[in-house]
Amino acid sequence: MIPEASAEPARSQNDGLILLVEDDHSIGNLLRGYLGRYGYNVHWVRSGEEALSELERRTVRMVLLDIGLPGMDGFDVCRAIRARSTIPVVMLTAREEEVDRIAGLEIGADDYVPKPFSPRELAARIKAVLRRSEQATEPEDALTLGDMVLRRETREVAVAGEPVELTAKEFDLLAYLMEHPGIVFSRERLLDRVWGLTYLAGTRTVDAHVANLRRKLARPDLIRTVHSVGYKAVRE
Ligand code: CA
């Protein structure tokens, strides 16, 4: 028995297309209905061969892939997808041994959903896989330390949600320290990395910039002085 859908209607449209690969008519219909209710656009094909040709033609955000298919099975399809793409793949498994094969063969699936599935579980897994895969491909723009957030793209810094004005070198120094939390850097190393080798000023420049940062950020503990060595950014 496939559990009855619990009422949790989609409030907003989820962007992008899910390619559903399922040969069973009633399960395919059910899945398309579930996913539609959660706001996903679904393109449904009945075989692995069709799925691979659709992937050539369309931009797909994720593949939901049955294992027992006519022709190529889901394992073969997953391997074929992985040979050319890192698109998220969630496998639909009907039996325990299929779960073992997904784990054991390392075919590159991102997750699996056992049949029978509840709509809520399916939606939660899909959401989690999408979030993971999209985080992995996004550049690490925002750096955080305590309640401080630094965005490299826009060169903005905020403390407890309040923007803080920094000079270019103060920003670069803070970004460098925040990229390597917990690591102690000598003043010479910071001069080299942040100001560049050609910069001839002494290491007092670093001290002056750290002092300015502490004052402007009002978080003196986030950049620590390590006696007779240099500075480091710390998490608390
Ligand atoms: Ca099937």
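Below is a summary of the structure that appears in this document. (Residues numbered from 1 in each chain as written. Predicted model: local features only at pLDDT ≥ 70, side-chain atom pairs only at ≥ 80, totals over all residues. Heavy atoms only, no water.)

Take the coordination of the calcium ion next. Distances from the calcium ion to its protein donors, Asp 23 (OD), Asp 66 (OD) and Gly 68 (O), fall within 2.1 to 2.3 Å. Relative accessible area serves as the criterion here: at 4%, Asp 66 is assigned to the buried category. (Donors = N, O, S within 2.8 Å, 3.2 Å for Na, K, Ca; no water. Buried < 20%, exposed > 50% of the residue type's maximum accessible area, 1.4 Å probe, protein only.)

Each neighbour pair has its own omega, and for Lys 115 with Pro 116 the value is -5 degrees, a cis peptide bond. Despite not being glycine, Ala 160 shows a phi value in the positive range, around 50 degrees. By secondary structure assignment, the location of Ala 160 is in the loop between strand 8 (156-159) and strand 9 (162-164). Although it is not a glycine, Ala 218 adopts a positive phi angle of roughly 55 degrees. Checked against the element boundaries, Ala 218 lands in the loop between helix 8 (204-217) and strand 11 (223-226). Overall, Ala 218 belongs to the partly exposed group, its relative accessible area being 47%. (Helix = DSSP H or I, 4+ residues; strand = E, 2+ residues; numbered from the N terminus.)

Let us now look at helix 3 (residues 74-82). Of all the positions in helix 3, only Gly 74, Phe 75, Val 77, Cys 78, Ala 80 and Ile 81 are classed as buried. Backbone nitrogen of Phe 75 and a side-chain oxygen of the N-cap are separated by 3.1 Å at the start of helix 3; the cap is Asp 73. (Polar contact = N/O pair within 3.5 Å; in protein donor to acceptor, adjacent residues only side chain to side chain.)

For the rest of this paragraph, the subject is helix 1 (residues 25-37). The end-to-end C-alpha distance of helix 1 is 18 Å, a good match for the 18 Å that 13 residues give at a rise of 1.5 Å each. Within the span of helix 1, buried status applies to Ile 27, Gly 28, Leu 31, Tyr 34 and Leu 35. The arc that holds every buried residue of helix 1, seen down its axis, measures 130 degrees, which confines them to one face. Exposed side of helix 1, more than 90 degrees from the buried face: His 25 and Ser 26 are the residues found there. (Expected span 1.5 Å × (residues − 1). Arc of directions from axis to C-beta.)

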